[in-house]
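For reference, the chains in residue letters:
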Amino acid sequence: MSYKKNLIKSWEYVKISDRELEERREKLIKLFEKVLTVLGFNWQEDPNMAETPSRMANMLLELIEGNYTPPP
């Protein structure tokens with residue numbers, strides 16, 4: 001799958017639906033699960049890390065929130 005055609009600039013505002021935003025969140029969670037596994041963390045069985053993939057996805061989406069919310 002190529003993402004290149006859908007790339008946005010850091011200053012761009014891109015209108016996406018709540019559903020699409022949630023789909024992106026779910027994809028990020030799956031990717032962060034893989035990252036933690038590749039790094040060797042037993043995040044699934046560690047109660048302190050069980051929600052880490054979700055927290056990481058939320059953090060990243062919050063960081064780029066301005067690209068998905070309309071400018072003032």
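Everything below is about the structure shown above.
One structure accompanies this document, and this report is about it. (Residues numbered from 1 in each chain as written. Predicted model: local features only at pLDDT ≥ 70, side-chain atom pairs only at ≥ 80, totals over all residues. Heavy atoms only, no water.)

Quick notes on the nonpolar core
Leu28, Ile29, Phe32, Ala57 and Leu61 form the largest nonpolar core, which has five residues in total. Residue assignment for this core shows that the elements contributing at least two residues are α1 (18-38) and α2 (52-63). In terms of residue count, the dominant contributor to this core is α1 (three residues). (Core = buried A, V, L, I, M, F, W, Y, C linked by side-chain atoms within 4.5 Å. Buried < 20%, exposed > 50% of the residue type's maximum accessible area, 1.4 Å probe, protein only. Helix = DSSP H or I, 4+ residues; strand = E, 2+ residues; numbered from the N terminus.)

Topic: the pattern of salt bridges
Within the structure shown, the criterion is met by three salt bridges. Across the pair Glu23 and Arg19 runs a salt bridge whose closest N-O atoms are separated by 3.4 Å. Taken together, the residues Glu23 and Arg19, both in helix α1 and four residues apart, mark about one turn of the helix. Of the residues examined, Glu23 reaches a relative accessible area of 37% and is grouped as partly exposed. (Salt bridge = Lys/Arg side-chain N within 4 Å of Asp/Glu carboxyl O.)

Considerations on the environment of Thr52
Mapped onto the fold, Thr52 is located in helix α2. Separated by 33 residues in sequence, Thr52 and Arg19 have C-alpha atoms that sit 22 Å apart. A polar side-chain atom of Thr52 sits 2.7 Å from a polar atom in the side chain of Arg55. (Polar contact = N/O pair within 3.5 Å; in protein donor to acceptor, adjacent residues only side chain to side chain.)

Comments concerning the side chain of Arg25
Checked against the element boundaries, Arg25 lands in helix α1. One polar contact links Arg25 to Asn58, side chain to side chain, over a distance of 2.5 Å. If sequence neighbours within four positions are ignored, Arg25 has contacts with Ala57, Asn58 and Leu61. (Contact = heavy atoms within 4.5 Å.)

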